[in-house]
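Analysis of the macromolecular model
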Amino acid sequence: MARVKGGLMAQKRRRNILDEVKGYRLQRSKKKRVAREAIYHAQLYAFAHRKDKKNDFRRLWTVRINAALMSFGLKYSRFIKALKDRNIELDRKVLATIAVENPEAFGRIVAEASK
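Residues numbered from 1 in each chain as written. Predicted model: local features only at pLDDT ≥ 70, side-chain atom pairs only at ≥ 80, totals over all residues. Heavy atoms only, no water.

The next point concerns the pattern of salt bridges. Any two side chains of opposite charge can pair, given that their charged atoms come close. Tallying each qualifying case throughout the model produces 4 salt bridges. For the salt bridge of Asp-56 with Arg-59, the shortest nitrogen-to-oxygen distance reads 3.5 Å. Placement of both Asp-56 and Arg-59 in helix α2 (residues 32–69) is noted, with a separation of 3 residues, approximately one turn of the helix. Judged by its relative accessible area of 53%, Arg-59 falls in the exposed class. (Salt bridge = Lys/Arg side-chain N within 4 Å of Asp/Glu carboxyl O. Helix = DSSP H or I, 4+ residues; strand = E, 2+ residues; numbered from the N terminus. Buried < 20%, exposed > 50% of the residue type's maximum accessible area, 1.4 Å probe, protein only.)

Here's what the structure looks like:
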């Protein structure tokens, strides 16, 4: 039986790996072994950072709401407690958006919560 050489598939594998690391610096974009390790770490970080992104946005919304509340002389924690006591069910994302884009409406929400 004739011998089958694997050069074509190896070349294709190498090309696919190096295509994925295009734009990386130094050896990571040139050498297959280093590139494969770079892909592995990049995928790990991407997974972890997708999870972190949710916490980052919640922190951002909290900061925006707190900044908007300063003009009303309220603190964030007391405002959230007042909303819960009044059964006003607006999440932090919506509150932050209203505070940034429509301060008058946010003022009405604050007034309703602090009655």
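Having seen the model, we can carry on.
With that settled, the discussion passes to the nonpolar core. Burial of nonpolar side chains together is a common tendency in soluble globular proteins. With 15 residues, the main nonpolar core has Ile-65, Leu-69, Phe-79, Ile-80, Leu-83, Leu-95 and Phe-106 as its most contacted residues. Listing elements by their share of this core, those giving two or more residues are α2, α3 (76–85), α4 (92–101) and α5 (103–113). For this core, the element with the highest residue contribution is α3, accounting for 5 residues. When neighbours within four sequence positions are excluded, Phe-106 is seen to be in contact with Ile-65, Ala-68, Leu-69, Phe-72, Phe-79, Leu-95, Ile-98 and Ala-99. (Core = buried A, V, L, I, M, F, W, Y, C linked by side-chain atoms within 4.5 Å. Contact = heavy atoms within 4.5 Å.)

Every α-helix carries 3.6 residues per turn, so stepping three or four residues along brings you back to the same face. Those residues of α5 not exposed but buried are Ala-105, Phe-106, Gly-107, Ile-109, Val-110 and Ala-113. If you follow the buried residues of α5, they end up packed against α2, α3 and α4.

It is worth spelling out a positive patch on the surface at this point. Residues Arg-50, Lys-51, Lys-53 and Lys-54 make up a contiguous surface patch of positive charge. Mapped onto the elements, Lys-53 comes out in helix α2. Classification of Lys-53 by relative accessible area gives partly exposed; the value is 45%. (Patch = residues over 30% accessible without salt bridge, like charges linked within 9 Å, V, L, I, M, F, W, Y side chains within 5 Å. Areas by Shrake-Rupley, 256 points an atom, 1.4 Å probe, with all protein chains shown as cover. Lys, Arg positive; Asp, Glu negative; His and termini not counted. Charge placed at Lys NZ, Arg CZ, Asp CG, Glu CD.)

Positionally, Ser-29 belongs in the loop between α1 (7–20) and α2. The class of Ser-29 is buried, set by a relative accessible area of 17%. Engagement of the side chain of Ser-29 in a polar contact is seen with the backbone oxygen of Leu-26, the distance being 3.2 Å. Ignoring any residue separated from it by four or fewer positions in sequence, one finds Ser-29 in contact with Leu-18, Val-21 and Tyr-24. (Polar contact = N/O pair within 3.5 Å; in protein donor to acceptor, adjacent residues only side chain to side chain.)

So, about the packing of aromatic side chains. Overall, the coordinates contain 3 aromatic pairs when judged by the stated rule. Their ring planes at 35° and their centres at 6.0 Å tell us that Phe-57 and Trp-61 sit as a pair that is tilted. Taken together, the residues Phe-57 and Trp-61, both in helix α2 and 4 residues apart, mark about one turn of the helix. Both rings, one in Phe-79 and one in Phe-106, keep their centres 5.8 Å apart while their planes meet at 55°; by these two values the pair is tilted. Here Phe-79, found in helix α3, pairs with Phe-106, found in helix α5; they are 27 residues apart in sequence, far enough to count as distant. For Phe-106, a relative accessible area of 1% corresponds to the buried category. Here a set of aromatic residues connected by ring pairs shows up, and it is made of Phe-72, Phe-79 and Phe-106. (Phe/Tyr/Trp six-rings, centres within 6.5 Å; stacked < 30°, edge-to-face > 60°.)

Function-wise, these values are silent; they only describe arrangement.
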